Amino acid sequence: MALTSIALTPRIGSEVRLDKAALLAGDHAADIRELLVSRGALVFRGLHLNDEELRTVARSLGDLRIGSAKRGADGKVLTEGDRGVLKVSLDPKVNPDYAKFLFGNLLWHMDGTYEPVPPFATLFTPARLSREGGDTMFASTYAAFEDLPQAEQDDLATLRVVHTMQAALFPAKRDCTAEEFAVWSSYPQRSHPLVWQHKSGRRSLVLSTSGAWVEEMHPAESHDLLQRLMLHATQDRYTYRHKWTPGDLAIWDNTGTMHRAMPFEAGSTREFHRCTLNGEEPITAPDLASARAAATVA
Ligand code: OGA
Ligand code: MN
């Protein structure tokens with residue numbers, strides 16, 4: 001069976017129509033990966049994947065993550081759920097260690113910006129929906145970059161941003177305790193280029209609420225720049241908002257998109273099962289000198 005896809009918005013998001021057996025067999029894995037990078041986020045309907053099937057699809061597309069970059073209350077490294085399937089829920093009974101971090105999912109972010117090589121992609125399927133709200137939104141940081149004027153693209157390509165856990169979580173929990181803030185602050189900070197030259201040839205902005213400051217820039221200028229880029233990248237024309245129905249599967253390219261959960265009722269039992277695919281390339285800034293030389297030759 002051939003893979004058919006329908007664009008959900010002009011710049012980001014496609015719905016893929018594919019028979020479940022063909023998806024599980026991995027027949028179209030190369031096409032799905034290509035579509036994922038060109039469309040940023042893919043949605044499949046009516047699949048109703050169980051955990052083992054979710055792992056199978058994940059393994060067909062990349063390197064399924066088993067470990068995790070986060071630590072539990074005892075300081076030990078957390079594992080990424082059950083053999084690579086993490087339960088994403090704010091209910092501490094479902095996921096006592098992760099519930100302490102996942103409220104940050106309500107803000108625009110990329111996953112794993114504290115890591116040297118952020119995850120390539122995430123697979124996400126609902127186990128239980130919220131009663132109200134709880135859509136997931138995706139924003140294309142490829143499209144947002146591509147639309148900037150050339151001179152600004154070149155300027156941004158020279159900058160680096162420091163990503164921190166405090167920057168990611170504090171705005172989502174301003175009433176945090178001093179202890180919580182201290183735990184977030186104990187995580188390593190990570191500096192990444194602001195513009196990513198992907199092996200695929202595409203370029204994207206490396207933006208996330210975790211982006212705390214631009215290196216070697218006055219704090220006020222840095223704050224204003226990051227805010228302006230975040231507003232630019234999350235305009236309607238770069239985003240797709242997914243309303244979940246049971247059985248859906250979404251996959252996002254974590255390297256060229258941001259995502260966020262939309263608010264849902266307090267005390268919700270909303271739960272998703274998630275597989276993460278390990279990153280395949282470090283964030284590399286464009287080589288401006290060779291880009292200019294190529295432009296001159298052309
Ligand atoms: C995540 C995430 C968004 C959502 O699991 O990394 O950001 O809608 N989830 O729950
Ligand atoms: Mn996330």
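So, a few notes on the structure that sits alongside this text. Since this is a predicted model, take the numbers as computed values, not measurements.

1. Some words on the pairing of strand β9 (residues 160–163)
Phase 1: In this sheet, strand β10 (residues 190–193) lies alongside β9 in antiparallel orientation, the contact comprising four bridges. Bridge pairing links V161 to H192 in β10.

2. Here we look at empty space enclosed by the protein
Phase 1: Overall, the coordinates contain two cavities of 30 Å³ or more when judged by the stated rule.
Phase 2: In this model, the second largest cavity occupies a volume close to 190 Å³.
Phase 3: Considering the residues around the second largest cavity, the lining is formed by 18 residues, among which V88, N105, F124, A261 and R270 are closest to the centre.
Phase 4: Top contributing element to the lining of the second largest cavity by residue count: strand β16 (residues 257–261), with three residues.
Phase 5: Residue composition of the lining of the second largest cavity, by class: nine nonpolar, five polar and four charged.

3. A short note on the coordination of the manganese ion (ligand 2)
Any two of four tetrahedral donors ideally make an angle of 109.5 degrees at the metal, while pairs among six octahedral donors ideally make 90 or 180 degrees.
Phase 1: Surrounding the manganese ion (ligand 2) are the protein donor atoms H109 (NE2), D111 (OD) and H259 (NE2), at 2.1 to 2.2 Å.
Phase 2: Counting residues between consecutive donors of the manganese ion (ligand 2) along the chain gives the motif H-x1-D-x147-H. In terms of burial, H109 and D111 fall into one category: buried.

4. Overview of the site of ligand 1
Phase 1: What surrounds ligand 1 is the set V88, N105, H109, D111, F124, T136, H259, A261, R270 and R274.
Phase 2: H259 has a polar side-chain atom sitting 3.0 Å from an oxygen atom of ligand 1.
Phase 3: Alone, ligand 1 offers 290 Å² of accessible surface; in the complex the protein occludes 99% of this.
Phase 4: Put simply, ligand 1 lies in the second largest cavity.
Phase 5: Taken together, the residues of the shell around ligand 1 break down into three nonpolar, four polar and three charged.

5. Looking at the nonpolar core
Phase 1: Judged by nonpolar contacts, the single largest core of 29 residues is most densely connected at L156, L194, L205, L207, L229 and M258.
Phase 2: Going through the elements one at a time, β8 (136–140), α5 (141–146), β11 (195–197) and α9 (219–233) are the ones with two or more residues in this core.
Phase 3: For this core, the element with the highest residue contribution is α9, accounting for five residues.
Phase 4: Those residues within four positions of L229 in sequence are excluded, and the remaining contacts are E152, L156, L194, L205 and L207.
Phase 5: Core analysis: the second largest hydrophobic core is formed by 27 residues, V16, V57, L123 and L277 among them.

6. A short note on the sheet that holds strand β6 (residues 86–88)
Phase 1: Read across the sheet, seven strands follow the order β1-β2-β3-β15-β7-β17-β6 without closing on themselves; strand pairing throughout is mixed. Edge strands, defined here as strands with exactly one partner in the open sheet, are β1 (4–7) and β6. Geometrically, the sheet is characterised by an average inter-axis angle of 25° between neighbouring strands, direction not taken into account.
Phase 2: In this structure, strand β3 (residues 41–44) lies alongside strand β15 (residues 249–253), joined through four bridges in antiparallel fashion. Note on β15: the bridge partner recorded for F44 is L249.

7. Quick look at the sheet that holds β10
Phase 1: If you trace the three strands from one edge of the open sheet to the other, you get β10-β9-β13, paired in antiparallel fashion. Single-partner strands in this sheet number two, and they are β10 and β13 (211–214). Neighbour-to-neighbour, the strand axes of the sheet open up by a mean angle of 35°, direction not taken into account.
Phase 2: Against the sheet, α9 makes contact with β9 and β13, and its axis sits at roughly 130° relative to β13, the strand it touches most.

8. Describing the packing of aromatic side chains
Phase 1: This model, assessed by the stated rule, comprises nine aromatic pairs.
Phase 2: Geometrically, the ring pair formed by F138 and W252 is tilted, given 5.5 Å between the ring centres and 45° between the ring planes. With a gap of 114 residues between them, F138 in strand β8 and W252 in strand β15 connect regions that are remote in the sequence. For the pair F138 and W252, a shared accessibility class is recorded, and that class is buried.
Phase 3: In this arrangement the basic side chain of K173 is found over the ring face of F103, its NZ or CZ atom lying 5.2 Å from the centre.
Phase 4: Positioned over the ring face of Y142 is R202, at 4.1 Å from the centre of the ring.

9. Comments concerning α9
Phase 1: Look at α9: 21 Å from first C-alpha to last across 15 residues, which is about the 21 Å you get at 1.5 Å a residue.
Phase 2: Turning to α9, its buried residues are S222, L225, L226, L229, M230, H232 and A233. Mapping the buried residues of α9 onto a view down its axis gives an arc of 160°, with all of them on the same face. Across from the buried face of α9, at angles greater than 90 degrees, the exposed residues are D224 and L231.

10. Some remarks on the layout of surface pockets
Phase 1: Its volume calculated, the largest pocket comes out at about 430 Å³.
Phase 2: T209, G211, L226, Q227 and M230 are the residues nearest the centre of the largest pocket, which is lined by 18 residues in total.
Phase 3: The set of elements that each furnish at least two residues to the lining of the largest pocket consists of β9, β13 and α9.
Phase 4: Broken down by element, the lining of the largest pocket gets its largest block of residues, seven residues, from α9.

Definitions and limits used
- Residues numbered from 1 in each chain as written.
- Chains lettered and ligands numbered in written order.
- Predicted model: local features only at pLDDT ≥ 70, side-chain atom pairs only at ≥ 80, totals over all residues.
- Heavy atoms only, no water.
- Pairing = 2+ DSSP bridges.
- Helix = DSSP H or I, 4+ residues; strand = E, 2+ residues; numbered from the N terminus.
- 1 Å grid on protein atoms, 1.4 Å probe; cavity = no way out; pocket = protein on both sides within 12 Å on 5 of 7 lines; lining within 4 Å.
- Points joined across faces, edges and corners; volume = space filled by probe spheres on them.
- Nonpolar A, V, L, I, M, F, W, Y, C, P; charged D, E, K, R; others polar.
- Donors = N, O, S within 2.8 Å, 3.2 Å for Na, K, Ca; no water.
- Buried < 20%, exposed > 50% of the residue type's maximum accessible area, 1.4 Å probe, protein only.
- Near = heavy atom within 4 Å.
- Polar contact = N/O pair within 3.5 Å; in protein donor to acceptor, adjacent residues only side chain to side chain.
- Areas by Shrake-Rupley, 256 points an atom, 1.4 Å probe, with all protein chains shown as cover.
- Sits in = over half its atoms within 2 Å of the grid points.
- Core = buried A, V, L, I, M, F, W, Y, C linked by side-chain atoms within 4.5 Å.
- Contact = heavy atoms within 4.5 Å.
- Axes fitted to C-alpha atoms, helices over the stretch in contact; angles between N-to-C directions.
- Phe/Tyr/Trp six-rings, centres within 6.5 Å; stacked < 30°, edge-to-face > 60°.
- Lys NZ or Arg CZ within 6 Å of the ring centre and 35° of its normal.
- Expected span 1.5 Å × (residues − 1).
- Arc of directions from axis to C-beta.

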